[in-house]
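Read off the chains here:
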Amino acid sequence: FWELMRDIREQLLPGEAIFQRSDRFGDYYQLKGYLLGPNGRRLGVATIWMRENNGSIRFVTLFPD
């Protein structure tokens, strides 16, 4: 788990998030990129993030892209 979180921070977060939608909980953004696994293989992924109404950012999900 901790390795995945480190990889997301280092490999994906430097990218640019694209606004998707808003609802009563906050604004949702998608961030796409590649993760390099411990076996050396690259996997295209999309992540969803939410900026809550109080301003905090939450990771929602990750799926293959």
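Computed from a prediction, not measured in an experiment: that's the story for all the values here. Each residue is numbered by its place in its chain's sequence as written, counting from 1. Selection of residues for local features in this predicted model requires a pLDDT of at least 70, selection of side-chain atom pairs for listing and counting requires 80 or more, and totals for whole chains, interfaces and linings are taken over all residues. Hydrogens and water molecules were not included; the side-chain quantities draw on all heavy atoms of the structure.

The subject of this paragraph is the environment of Leu62. Runs of E in the DSSP output that reach at least two residues are strands. Runs of H or I that reach at least four are helices, and both are numbered from the N terminus. Examined against the element boundaries, Leu62 turns out to sit in strand E4 (residues 57–64). Whether a residue is buried, partly exposed or exposed follows from its accessible area with a 1.4 Å probe, protein chains only, as a fraction of its type maximum: under 20%, in between, or over 50%, in that order. A residue is classified by how much of its surface remains accessible, and Leu62, at 29% relative accessible area, is partly exposed. Considering only alpha carbons, one finds Leu62 and Arg41, 21 residues apart in sequence, at a separation of 17 Å. For this analysis, residues touch if any pair of their heavy atoms sits within 4.5 Å. In contact with Leu62, other than residues within four places in its own chain, are Ile8, Leu35, Val45, Ala46 and Thr47.

Buried residues of nine kinds, namely Ala, Val, Leu, Ile, Met, Phe, Trp, Tyr and Cys, make up a nonpolar core once their side-chain atoms join them within 4.5 Å. Counting residues in each nonpolar core, the largest one holds seven residues, listed as Met5, Ile8, Leu12, Leu31, Leu35, Val45 and Trp49. Those elements giving two or more residues to this core turn out to be helix H1 (2–12), strand E2 (26–36) and strand E3 (42–52). The leading source of residues in this core is H1, at three residues. If near-sequence neighbours (up to four positions away) are discounted, Ile8 is found in contact with Leu13, Leu35, Trp49, Phe59 and Leu62.

Bear in mind that shape data such as this cannot, by itself, settle questions of function.
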